[in-house]
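Coordinate analysis (summary)
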Amino acid sequence: MTETPARPAPLPLHMRRDRFTPDPELDRFREAGDVPLVRGAFGTHAYLVTRHDDVREVLGDADTFSNAAGVRIRRPEGPQLSDAELAEMRAGNLLAHDPPEHTRLRRLLTPEFTQRRMARLEPRITEIVEDRLDALEQAGPGADLVQEFALPVPSLVICELLGVPYADRDEFAERSSRLLDLSLPTDERLALSRQSRAYMSRLVDGALAEPGEDILGMLVREHAGDLTHAELVGIASLLLIAGHETTSNMLSLGTLALLEHPEQAALVRDDPEAARPAVEELLRWLTIVHTGVVRVATRDTEIRGVAIPRDGLVLCSLPAANRDPGAGVEDPARLDVRRGAAGHVAFGHGVHHCLGAPLARREMTTAFPALLRRFPALAVDGESPPSAFRAYHFVYGMHSLPVTW
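A brief look at the structure comes next. Note that this is a predicted model, so its numbers are computed, not measured.

Counting its secondary structure elements, the chain contains 15 helices and eleven strands. Relative to the globule expectation of 22 Å for 405 residues, the C-alpha radius of gyration of the chain, 21 Å, shows essentially globular dimensions. Dimensions of the chain, computed from C-alpha atoms along their principal axes, come out at roughly 60 × 60 × 55 Å. Within the chain, the fraction of its 405 residues that count as buried is 54%. Sequence-distant contacts in the chain: of pairs separated by 6 or more residues, those separated by 24 or more amount to 74%.

What follows deals with the packing of aromatic side chains. Inspection of every chain in the model, using the stated rule, returns three aromatic pairs. Between F20 and W285, the aromatic rings sit 5.1 Å apart at their centres with planes inclined by 40°, giving tilted as the arrangement. Taken as a pair, F20 in the loop between β1 (17-18) and β2 (21-22) and W285 in helix α13 (residues 275-286) lie far apart in primary sequence, 265 residues in all. On the basis of relative accessible area, W285 is assigned to the buried category, the value being 7%. Taking the centre distance of 6.2 Å and the plane angle of 15° together, the rings of F389 and Y396 count as stacked. For the pair F389 and Y396, a shared accessibility class is recorded, and that class is buried.

Cis rather than trans, the peptide bond between P99 and P100 has omega equal to 10°. Along the chain, P100 turns up in the loop between α3 (83-90) and α4 (101-109). Notably, R304 is not glycine yet its phi reads approximately 50°, a positive angle. The class of R304 is partly exposed, set by a relative accessible area of 40%. Of note in the backbone geometry, D331 takes a positive phi value of approximately 50° without being a glycine. Tracing the chain through its elements places D331 in the loop between α14 (318-322) and α15 (357-374).

Definitions and cut-offs
- Residues numbered from 1 in each chain as written.
- Predicted model: local features only at pLDDT ≥ 70, side-chain atom pairs only at ≥ 80, totals over all residues.
- Heavy atoms only, no water.
- Helix = DSSP H or I, 4+ residues; strand = E, 2+ residues; numbered from the N terminus.
- Rg over C-alpha atoms; globule rule 2.2 N^0.38 Å.
- Buried < 20%, exposed > 50% of the residue type's maximum accessible area, 1.4 Å probe, protein only.
- Contact = heavy atoms within 4.5 Å.
- Phe/Tyr/Trp six-rings, centres within 6.5 Å; stacked < 30°, edge-to-face > 60°.

Interpretation note: all reported values are geometric properties and have no functional meaning in isolation.
See below:
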């Protein structure tokens, strides 16, 4: 008898969207100032924060709302890991630490992601974008923008930055996408995590033997005495996954949004000064990371008068916060690429604000106008059904986007 595959659990409230639009219940909670206890992605319950000011308060207070404390939360039905394996899996992962450990790790990486360093990368990013536009053109109308353009551009950039063989791109891209698919069983995702760490461990061994000019080589040459092997693996793993998953989904989902607002797409295409504010607005309006890492209260506290007990879980709805009228954006449910939308929390806030934000911005400000200039008649090839959207993923986006021109 053939076993019927397990159906994924219903989507938690904070992950529900209708294409670009978060679930209206999030708006109702935000307007009422409620901080409800809701079901999270793994069946646990968490306090859901939706107002922009409250989200910034939680994300900005690592002493009260901890990333690192999440290691104490163990689900009885999930795989039971030893303390040693948990420690190894957390090593080097900035998202799993609070200051001062987080500060130590981040300080080593920050020089590699400054605006000045990203500016020096711009010619290579432009070259990569143009090469992928050539590939898209050669594939012809009906080609999948995700596979031919949106995924390869940031993948190739981060591969070069980390010294990862580009020939391995398909393997690690598929693995990381499945790793972030929260509909998969926990034990399957754990196996993928172990595979990913094993792959990065081999790359770290290569960098230790012969450090190159990439980030891994820099860390080995300049900080080998400050970082363990497990920390090097953790840093590389996080950068590799975050470096292509986020930007690739912004490129695909952002392209769809622009094509559905043709007058705004024309601005981005025709005005060299329009790309930067357009990217900020797309980041705000799309907010592809639903919540970031769940926070754990380190003490009894409260949010908007709601008591949060010690060890209580807290989820910050980044899309709801970025569409909060109280954040100073007029008509925040409307896309307007001219306004720039400063102050959004799409990259998070506080000590865990996305380290790679300058790189992501540089890639998008290059890629969006180049794509629209190369294909001024770019259009979606048919409808984008619900199955085209990555509903169950930690990073929202698109599985595919066939286009024509």
